[in-house]
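Notes for the structure review
Given next are the chains, with one letter for each unit.
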Amino acid sequence: MQHNPQTPPNAPAGSGPTFEIQRIYIKDVSYEAPNTPHTFVEEWKPEVQLNLETKSNKVQDNLHEVILSITATVTSGKKPAFVVEVHHAGIFSISGLPADQIRQMLGSFCPNILFPYAREVISDLVMRGGFPQLILAPVNFDALYAQHMEDQKKGGKPAEKTEDGETKIH
């Protein structure tokens, strides 16, 4: 029997909540630098626009895929320098929690786990593209999730459900 670090070692099987990372992987990646080589000879005045999105879907009972999508668009002197987009995903086993706590795990806790992996991929792609390293600042997914839930209560934009059962949080 494999021990879950989230449960006490002497706890009987099936008692209490469990959380396990099954797999972390890149689902999709894209990089383009439409104005090279001209971008390299012009004055470098980068402006970064960042877009984050999380999605989750149920793979099987107690097994969920969470996808963190990050798009960074960098312009310099009003011209696009590069665009990098990463969809980093993980498969997580979650059980023994009420539905609202599972939603919070999928919308906040799991994206917090995925973010450093996505940030590393973005930084690497940008450097391999010949540009200075792009290091993304930490993101407070707890605050983003809380804001999303508050928006839902106020009748704002609800989590989107797609036809294949995914849940999107912007």
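Structural notes, computed from the coordinates. (Residues numbered from 1 in each chain as written. Predicted model: local features only at pLDDT ≥ 70, side-chain atom pairs only at ≥ 80, totals over all residues. Heavy atoms only, no water.)

Attention now moves to unusual backbone geometry. Residues Thr36 and Pro37 are joined by a peptide bond in cis, for which omega reads 10 degrees. Positionally, Pro37 belongs in the loop between strand S1 (18-32) and helix H1 (38-41). One non-glycine residue, Asn62, adopts positive backbone phi at about 65 degrees. Here Asn62 lies in the loop between strand S2 (46-60) and strand S3 (63-76). Look at Asn62 and you get partly exposed, because its relative accessible area is 38%. The backbone phi angle of Lys78 is positive, close to 70 degrees, even though this residue is not glycine. Tracing the chain through its elements places Lys78 in the loop between S3 and strand S4 (79-95). (Helix = DSSP H or I, 4+ residues; strand = E, 2+ residues; numbered from the N terminus. Buried < 20%, exposed > 50% of the residue type's maximum accessible area, 1.4 Å probe, protein only.)

The subject of this paragraph is the pairing of S3. Of all 14 residues that make up S3, twelve are buried, and the element is covered over most of its length. Here 14 bridges tie S2 to S3, and the two strands are oriented antiparallel to one another. Looking at S3, one finds that Val48 is bridged to Val74. The antiparallel hairpin formed by S2 and S3 contains two residues in its connecting segment, where Asn62 sits at a positive phi of about 65 degrees. With 14 bridges joining them, S3 and S4 adopt antiparallel strand pairing. From the neighbouring strand, Val66 faces S4, where its bridge partner is Gly90. Counting the residues between successive antiparallel strands, the hairpin from S3 to S4 contains two residues, one of them, Gly77, with a positive phi of roughly 60 degrees. (Pairing = 2+ DSSP bridges.)

All chains considered together, the criterion is met by seven aromatic pairs. With 5.1 Å between their ring centres and 80 degrees between their planes, Phe19 and Phe109 make a pair best called edge-to-face. With Phe19 in strand S1 and Phe109 in helix H2 (residues 99-128), the pair connects residues that are 90 residues apart, well separated along the chain. A centroid spacing of 5.4 Å and a plane angle of 35 degrees characterise the contact between Trp44 and Phe131, whose relative ring orientation is tilted. Residue Trp44 is found in the loop between H1 and S2, and its partner Phe131 is found in the loop between H2 and helix H3 (141-153); the two are separated by 87 residues along the sequence. Here the aromatic cluster, defined as three or more aromatic residues joined through ring pairs, consists of Tyr31, Phe40, Trp44, Phe82 and Phe131. (Phe/Tyr/Trp six-rings, centres within 6.5 Å; stacked < 30°, edge-to-face > 60°.)

Let us look at the packing of H2 against H3. Running from amino to carboxyl end, H2 crosses H3 at an angle of 145 degrees, the nearest separation of the two axes being 9 Å. You can see that H2 and H3 cross each other, and the crossing is right-handed. Along its contact with H2, which presents Asp100, Arg103, Gln104, Gly107, Ser108, Pro111, Asn112 and Phe115, the element H3 presents Phe141, Asp142 and Tyr145. (Axes fitted to C-alpha atoms, helices over the stretch in contact; angles between N-to-C directions. Left-handed = near helix turned anticlockwise from the far one by under 90°. Contact = heavy atoms within 4.5 Å.)

Note that soluble globular proteins tend to have their nonpolar side chains buried in a common cluster. If you look at the biggest cluster of nonpolar residues, it comprises 29 residues, and the most contacted ones within it are Leu68, Ile70, Phe82, Phe92, Ile94, Ile122 and Leu134. Counting only elements with at least two residues in this core, the list comes to S3, S4 and H2. The element contributing the most residues to this core is H2, with eleven residues. With residues up to four places along the chain from it excluded, the contact list for Phe92 reads Phe19, Glu20, Ile21, Gln22, Asn62, Leu63, His64, Val66, Cys110, Ile113 and Leu114. (Core = buried A, V, L, I, M, F, W, Y, C linked by side-chain atoms within 4.5 Å.)

What follows is about the pattern of salt bridges. This structure, assessed with the given rule, holds five salt bridges. Close ionic contact of Lys79 with Glu42 constitutes a salt bridge, the shortest N to O distance being 3.3 Å. One end of the pair, Lys79, is in strand S4; the other, Glu42, is in the loop between H1 and S2, with 37 residues separating them in the sequence. Judged by relative accessible area, Lys79 falls into the partly exposed class, the value being 41%. The class of Glu42 is partly exposed, set by a relative accessible area of 35%. (Salt bridge = Lys/Arg side-chain N within 4 Å of Asp/Glu carboxyl O.)

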